[in-house]
Amino acid sequence: MATTSKYDRRGVSASKSEVHAAIRQLDKGLYPDAFCKVLPDVAGGSPDHCNLLHADTAGTKAALAYLYWRETGDLSAWSGIVQDAIVMNLDDMACVGCTSDILLSNTIGRNRHWVPGEVLGALVQGAADFAQAMRPWGIHLHLAGGETADVGDLVRTVDVGFTAFARMPRSEVIVNRIQPGDVVVGLASFGQAAYETGYNSGIGSNGLTAARHDVLCREYAERYPESYDPTIPAELVYSGDHRLTDTVEIEGQSLTVGQLLLSPTRTYAPVLHTFLERYRAHVRGLVHCTGGGQTKVLKFLKNARVIKDNLFEVPPIFRLIQASGQTDWTEMYQVFNMGHRMEVYTSAPAAEALIGIAADFGIAAQVVGRVEPAAEAQVVIHSALGVFTYTE
């Protein structure tokens, strides 16, 4: 892989190496190998419980929503951005076994010259709508208000984030103990889940800086200079050949490029909530394939190699991004989820049960790989596009 990827040159990092270096000396909580930091029960003082406090944002996907809204006047794009920010918290917390009774507080920073009050209204309403939509599936989210700040000196358009809090029994915490012999079940990021209202491209909330600039054409830089970082090399700014309103035929539907890029990040909380009620003891690890894409699991491997040799066929959105940007497939698998955004490391019998539960929710799932012993942490991807090996 090239020393400096296009992703790096655009000022973002799939590996987040500098972030990890900055926090390396910090306390890692009660369970250092858990997907998120788990804290003592400060809220209740119980030795049998623990607390989770997590924060995340929709990232630069908000800049894409800004473009789409400016081009079409469609405020619904902002509801998806709220879902993106919530789900990036919700599904990280699900990876330690917490899937419900979660408190949420938003932080919205905007440049009021570009983002008016009607957008703020759509964001606030979007959070309420998503929380309501999750309740029938046993996922109870409680909105605790938040902070909206006009910070035009810091934010070019808008930044949407949430902080999440939960309290849970320590006995229910899932700690990643991935071992040789485990199988890897991938939960598809694309299609239409039972709790979704339309086709989901699977894009999620990672890699959107690359997706936006590789797919969309130069005219957006000229018309909306506030939508991108002016320090990005000019040849990497909106260097694609598509408009947001161009259409793509997928599964008999005609969808715009904008709709595909803005597909809300799918939550797997309903599936995991059901699965963990029956099979929590069988779970060796849960990995949310966000920053780092298909290499995310590297953070949780010890003397093990994950072989992924039965991945889903690459969804259309990722083929569109790659073809438009001519990005090396090695980089694509490190930046994007490429078809599944949640991995469950478990036994073969539990894997079969999980695949059936996911199907009940309209989500494709399959055994995508296995874990083998190795001298170092390693992920090896075997696909029709090539064999790609990643180490820390």
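Everything quoted here is computed from the prediction, not taken from an experiment. (Residues numbered from 1 in each chain as written. Predicted model: local features only at pLDDT ≥ 70, side-chain atom pairs only at ≥ 80, totals over all residues. Heavy atoms only, no water.)

**Q** Looking at this model, I keep getting lost on the sheet that holds strand β13 (residues 378-383). Mind explaining?
**A** Pairing between the strands of a sheet is mediated by backbone hydrogen bonds and can be parallel or antiparallel. With mixed pairing, the seven strands of this open sheet are ordered in space as β9-β11-β6-β12-β10-β13-β14. Each edge of the sheet is formed by a strand with only one pairing partner; in this case those strands are β9 (283-288) and β14 (386-391). Pairwise comparison of adjacent strand axes, ignoring direction, gives a mean angle of 20 degrees for this sheet. Against the sheet, helix α4 (residues 76-94) engages β9 and β11 (340-346), with an angle of about 165 degrees to β9. In this fold helix α9 (residues 269-279) packs onto β6 (183-188), β9 and β11, with an angle of close to 170 degrees to the strand it touches most, β9. (Pairing = 2+ DSSP bridges. Helix = DSSP H or I, 4+ residues; strand = E, 2+ residues; numbered from the N terminus. Axes fitted to C-alpha atoms, helices over the stretch in contact; angles between N-to-C directions. Contact = heavy atoms within 4.5 Å.)

**Q** What exactly am I supposed to notice about helix α3 (residues 61-72) here?
**A** An α-helical turn contains 3.6 residues, so any two residues separated by three or four positions project in the same direction. With twelve residues, α3 should cover 16 Å at 1.5 Å per step; its first-to-last C-alpha distance of 16 Å lies within 8% of that length. Counting buried positions along α3 yields nine of twelve residues, so the element is predominantly enclosed. G73 lies just past α3 and shows a positive phi near 75 degrees. (Expected span 1.5 Å × (residues − 1). Buried < 20%, exposed > 50% of the residue type's maximum accessible area, 1.4 Å probe, protein only.)

**Q** Explain the sheet that holds strand β5 (residues 158-169) here, please?
**A** A sheet is described by the order of its strands in space; here five strands give the open sequence β1-β2-β5-β3-β4, paired in mixed fashion. Across the chains shown, the open sheet's two edge strands, defined by having one partner strand only, are β1 (39-40) and β4 (141-150). Note that β1 and strand β2 (residues 49-57) share two bridges and pair antiparallel. Counterpart to P40 in the pairing with β2 is C50.

**Q** Any chance you could explain the pairing of β9 here in plain terms?
**A** The side chains of a regular strand alternate between both faces of the sheet. Taken across its six residues, β9 has five buried, putting it largely inside the fold. In this sheet, β11 lies alongside β9 in antiparallel orientation, the contact comprising five bridges. Across the sheet, the residue bridging to H288 is M342, located in β11.

**Q** For this particular structure, what's the right way to read the nonpolar core?
**A** General note: in soluble globular proteins, nonpolar side chains tend to be found buried as a group. Among the nonpolar cores identified, the biggest contains 128 residues, and W78, L141, L187, L216 and F336 are the most heavily contacted of them. In terms of residue count, α4 provides more of this core than any other element does, ten residues in total. Beyond its immediate chain neighbours, meaning those up to four positions away, L216 contacts L64, L67, A211, Y238, S239, G240, D241, H242, R243, L244, V257 and L261. (Core = buried A, V, L, I, M, F, W, Y, C linked by side-chain atoms within 4.5 Å.)

**Q** Just checking my understanding: could you explain the pattern of salt bridges for this structure?
**A** Where charged atoms from two side chains of opposite charge approach closely, those side chains can pair. Under the criterion given, the structure shown has 16 salt bridges. Residue K302 is joined to D33 by a salt bridge in which the shortest nitrogen-to-oxygen separation is 2.9 Å. Of the two residues, K302 sits in the loop between β9 and β10 (304-308) while D33 sits in the loop between α2 (17-23) and β1, which places them 269 residues apart along the sequence. Residue classification places K302 among the exposed positions, given a relative accessible area of 53%. Residue R243 pairs with E219 through a salt bridge whose shortest N-O separation is 2.8 Å. In this pair, R243 is assigned in the loop between α7 (219-223) and β7 (247-250) and E219 in helix α7, connecting sequence segments 24 residues apart. By relative accessible area, which is 19% here, E219 ends up buried. Connected through shared salt-bridge partners, E71, E219, R223 and R243 make up one network. (Salt bridge = Lys/Arg side-chain N within 4 Å of Asp/Glu carboxyl O.)

**Q** I keep staring at the packing of aromatic side chains and nothing clicks. Help me out?
**A** The relative placement of two aromatic rings is captured by the distance of their centres and the angle of their planes. Under the definition given, this model contains 13 aromatic pairs. On the numbers, 6.4 Å between centres and 80 degrees between planes, the contact of Y66 with Y224 is edge-to-face. Highlighted residues: Y66 in helix α3 and Y224 in the loop between α7 and β7, separated in sequence by 158 residues. For the pair Y66 and Y224, one class covers both residues: buried. On the basis of an interplanar angle of 65 degrees and a centroid distance of 5.8 Å, the ring pair of W137 and Y195 is categorised as edge-to-face. Remark: Y195 occurs in the loop between β6 and α6 (208-215) and W137 occurs in the loop between α5 (117-134) and β4; sequence separation between them is 58 residues. Exposure remark for Y195: the relative accessible area of 12% places this residue in the buried category. One aromatic cluster is present, formed by Y66, W69, W78 and Y224 through successive ring pairs. (Phe/Tyr/Trp six-rings, centres within 6.5 Å; stacked < 30°, edge-to-face > 60°.)

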